[in-house]
Amino acid sequence: IKILLLLLHLFKYWKKLFMSKILISLLFLLSYSLLAQEKKLEKVSLQLHWKYQFEFAGFIAAQEKGFYKEAGLELELKEYNLGQDIIKDVSLGKVNYGIYNSNILVEYIKKEPIQLISSYFKRSALVLITKPNIKYPKDLIGKKIMAAGKNDFNLNFNYIFSLQKMKIDDLNLIPHSFDVKDFAENKIDAMTAFISDQPYKLDKLNIKYNLIDPSSYGIFNLQLELFTSDKEALIHRERTEAFKQASLKGWEYALNNPQEIIEIILKKYNTQNLSKEFLENEANY
């Protein structure tokens, strides 16, 4: 009986040891599988044309909700730095994808090796904020206008001025500081601005202004355009399509769940120290 009890004890011991080895092996295989899956993710980068805010909610949503990972991609989101040439960075392969405005069409015509992937804004987001006494384009003659550049200004507003038989050369354009305080402190008479956020900032400062909106003249310029290089689109066609679809999924989610994405921006992407109210105003636009 003692011998049988000893054998039974040994059997239980070896069974327990055997099961432990199996469990360890399973855990090892599972870990290896997860690591292998992570290694399969293709690293890509997206260069934004401004700082984090709700303007880029779709891409932030796709990143945070795992849509890019589901598409087999590991995304690096990049904020804009002043003076950065996004079109060159994309065409030269420094980043895989970029966000920019109508200028990509101009550069494309000039034979820049880039391709448009998606267009997100369906109306002109760029407007002219002017002093209250400046109500019409002709009122801007001789006034100081802050703009990102002559080519960009011409592309977005030339048609409006041509209706008034005006030329861009008739205007006094100065470099943009991207600071509404210059307008508030009367250093300028007008400035180009995104209608989704700059008017809100002036409202909070109780500054009166007028808007000259290209949409009112039937102009619908592109302002939030996702593009890539010819090389990326040709060599990595499936990756480009996967990125496009994941981004669209992100935008659908962000527009259906704006409060959730606003909270995410406040917690993880708020490099501008924006308020919740500011982001909600931008989202409602």
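Residues numbered from 1 in each chain as written. Predicted model: local features only at pLDDT ≥ 70, side-chain atom pairs only at ≥ 80, totals over all residues. Heavy atoms only, no water.

Draft legend 1. Spotlight on the pattern of salt bridges. If you walk through the whole model with that rule in mind, you get twelve salt bridges. Two residues, Glu-64 and Lys-268, come together in a salt bridge whose shortest N-O distance is 2.8 Å. In this pair, Glu-64 sits in helix α2 (residues 57–64) while Lys-268 sits in helix α11 (residues 258–268), placing the two residues 204 residues apart along the sequence. Given the relative accessible area of 26%, Glu-64 is considered partly exposed. Since its relative accessible area comes to 55%, Lys-268 is described here as exposed. In this structure, the salt-bridge partner of Lys-88 is Glu-112, at a minimum N-O distance of 3.6 Å. Taken as a pair, Lys-88 in helix α4 (residues 86–91) and Glu-112 in the loop between α5 (103–109) and β4 (114–119) lie far apart in primary sequence, 24 residues in all. The buried category is assigned to Glu-112, whose relative accessible area is 13%. (Salt bridge = Lys/Arg side-chain N within 4 Å of Asp/Glu carboxyl O. Helix = DSSP H or I, 4+ residues; strand = E, 2+ residues; numbered from the N terminus. Buried < 20%, exposed > 50% of the residue type's maximum accessible area, 1.4 Å probe, protein only.)

Draft legend 2. Seen up close, the pairing of strand β1 (residues 42–47). With six bridges connecting them, β1 and strand β2 (residues 73–78) associate as parallel partners. Residue pairing across strands places Lys-43 opposite Glu-74, the latter belonging to β2. Bridge count for β1 against strand β3 (residues 97–100) is two bridges, and the pairing is parallel. The partner of Leu-46 across the bridge, within β3, is Tyr-97. (Pairing = 2+ DSSP bridges.)

Draft legend 3. Main features of the sheet that holds β1. Pairing is mixed across the open sheet formed by five strands, whose spatial order is β2-β1-β3-β10-β4. Strands with a single pairing partner mark the edges of an open sheet, and in this sheet they are β2 and β4. For this sheet, the mean inter-axis angle between neighbouring strands, taken without regard to orientation, is 25°. Across the sheet, α2 is in contact with β1, β2 and β3; its angle to β2 comes to roughly 140°. Against the sheet, helix α10 (residues 237–256) contacts β1, β2, β3, β4 and β10 (225–229), and its axis sits at roughly 60° relative to β1. (Axes fitted to C-alpha atoms, helices over the stretch in contact; angles between N-to-C directions. Contact = heavy atoms within 4.5 Å.)

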